[in-house]
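An overview of the molecular structure
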Amino acid sequence: MRAPQIVVVGSINMDLVARMSRLPRPGETLHGDDFQTIPGGKGANQAVAAARLGAQVTMIGRVGDDAFGGELLRSLELYGVGTQYVQKTANYPSGVAVINVEASGANAIVVIAGANGRLTADDVANCASVIASADVVVVQLETPVETVITAIRTARKFNVRTILDPAPAPSSPLPAELQSVDYISPNQSEAEALTGIVVYDLASAERAAKVLCDRGARHVVMKLGELGALIYSDGKGEHIAAVSTEIVDTTAAGDAFTAGLAVGLAEGRTLAEATKLGCAAGTMACTVFGAQPAMPTREKVDQFLRVER
Ligand code: RIB
């Protein structure tokens, strides 16, 4: 059987991760427990997760010409992601994310775009042939908006399905074209940033999802953390429950979810089945520390889904 083909257009960061008993308050200095540099970036995490789940994945992105750039490329290659469309950007640093993780597994993240901010619309347009041959194209919001729009436009031109993970939450309204994707997969705070509706339960999630569909998204797959996910299409909502687990670190759980959704859809599964795969991948990512190293294999996710049933 042909492996599902996924193209991820997005960010590649080195995560600078500190662990501490609790997150610091503004103005406070705390003693931390541990510091590590770990490959991350929402786009790269999704690419790695999709590859671990069995897809053939091509990444379109940029790293800097610094030491992190080489390490980030090696990590993608190690996990089997195609990097022929990842460019090294001369005289520019790689993207980084400063991440604090507390004992509960909750985190606070600051992203500095670096080379991700230099991924241009032309870079993406030059990759039209690989986009045309994909089953699904996945984008997020850690690269310039015009670049993301070009990725969606190019995919649409070739009838390739698009998933927008609108993360990090946008601070200004998104252009209409960006919201007219096949699937939009916000978490609760991103859904609130996009719609102004505070999402705290299934009913409020459904209200926000309806707004996103009215704006042009064909399907909404809202990540609801421990509650699982809400699918909303054609005026109807469906709740997909998640199984709770011991949480070590929630970093990149949303990326694992989006990758599971993409792989499920690319395999021809129903939206509910693909969302279940996303929920399971996201849950499993919470049980391991870090971003890319926490992305679960297909074997582990399938085993988890069998036990859950
Ligand atoms: O979603 C988690 C990711 O967000 C981290 O890996 C970090 O790089 C930021 O992009």
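The present account deals with the structure reproduced in this document. The structure presented is a predicted model; accordingly, all values stated were derived computationally and were not measured. (Residues numbered from 1 in each chain as written. Predicted model: local features only at pLDDT ≥ 70, side-chain atom pairs only at ≥ 80, totals over all residues. Heavy atoms only, no water.)

What follows is about the sheet that holds strand S3 (residues 34-40). Backbone-to-backbone hydrogen bonds join strands into a sheet, with any given pair of strands oriented parallel or antiparallel. Pairing in this open sheet of 4 strands is mixed, and the strands run S3-S2-S6-S7 from one edge to the other. Because the sheet does not close on itself, it has two edges, and the strands there are S3 and strand S7 (107-112). Across this sheet, the average inter-strand angle for adjacent strands is 20°, counted without regard to direction. Strand direction decides the pairing type here: strand S6 (residues 95-102) and S7, joined by 6 bridges, are antiparallel. Bridge pairing in S7 links isoleucine 99 to isoleucine 109. Where helix H2 (residues 67-78) meets the sheet, it contacts strand S2 (13-20), S3 and S6, and its direction lies at approximately 90° from that of S2. (Pairing = 2+ DSSP bridges. Helix = DSSP H or I, 4+ residues; strand = E, 2+ residues; numbered from the N terminus. Axes fitted to C-alpha atoms, helices over the stretch in contact; angles between N-to-C directions. Contact = heavy atoms within 4.5 Å.)

Looking at the secondary structure, you find leucine 224 in the loop between strand S11 (219-223) and strand S12 (229-233). Apart from the residues lying within four places of it in its own chain, the contact partners of leucine 224 are Gln188, Val199, Leu202, Ala205, Ala229 and Leu230.

Within this structure, the stated rule accounts for 0 aromatic pairs. In this arrangement the basic side chain of arginine 19 is found over the ring face of phenylalanine 289, its NZ or CZ atom lying 3.7 Å from the centre. (Phe/Tyr/Trp six-rings, centres within 6.5 Å; stacked < 30°, edge-to-face > 60°. Lys NZ or Arg CZ within 6 Å of the ring centre and 35° of its normal.)

Okay, the pattern of salt bridges next. Within this structure, the stated rule accounts for 12 salt bridges. We note a salt bridge from arginine 22 to glutamate 28, for which the minimum N-O separation is 2.5 Å. Judged by its relative accessible area of 26%, glutamate 28 is partly exposed. It is possible to trace a salt-bridge network through shared partners that takes in Glu267, Arg269, Arg298 and Asp302. (Salt bridge = Lys/Arg side-chain N within 4 Å of Asp/Glu carboxyl O. Buried < 20%, exposed > 50% of the residue type's maximum accessible area, 1.4 Å probe, protein only.)

Neighbouring the ligand are the residues Asn13, Asp15, Gly40, Gly41, Lys42, Asn45, Ala97, Val111, Glu142, Ala252, Asp255 and Ala291. Between aspartate 15 and the ligand, the recorded distance is 2.5 Å, taken from a side-chain N or O atom to an oxygen atom. With respect to the ligand, the side chain of glutamate 142 contributes an N or O atom lying 2.7 Å from an oxygen atom. Coverage of the ligand by the protein amounts to 97% of the 280 Å² it exposes when considered alone. More than half of the atoms belonging to the ligand lie within 2 Å of the grid points that define the largest pocket. Among the elements of the structure, S2 and helix H1 (42-52) are those that each provide at least two residues to the shell around the ligand. (Near = heavy atom within 4 Å. Polar contact = N/O pair within 3.5 Å; in protein donor to acceptor, adjacent residues only side chain to side chain. Areas by Shrake-Rupley, 256 points an atom, 1.4 Å probe, with all protein chains shown as cover. 1 Å grid on protein atoms, 1.4 Å probe; cavity = no way out; pocket = protein on both sides within 12 Å on 5 of 7 lines; lining within 4 Å. Sits in = over half its atoms within 2 Å of the grid points.)

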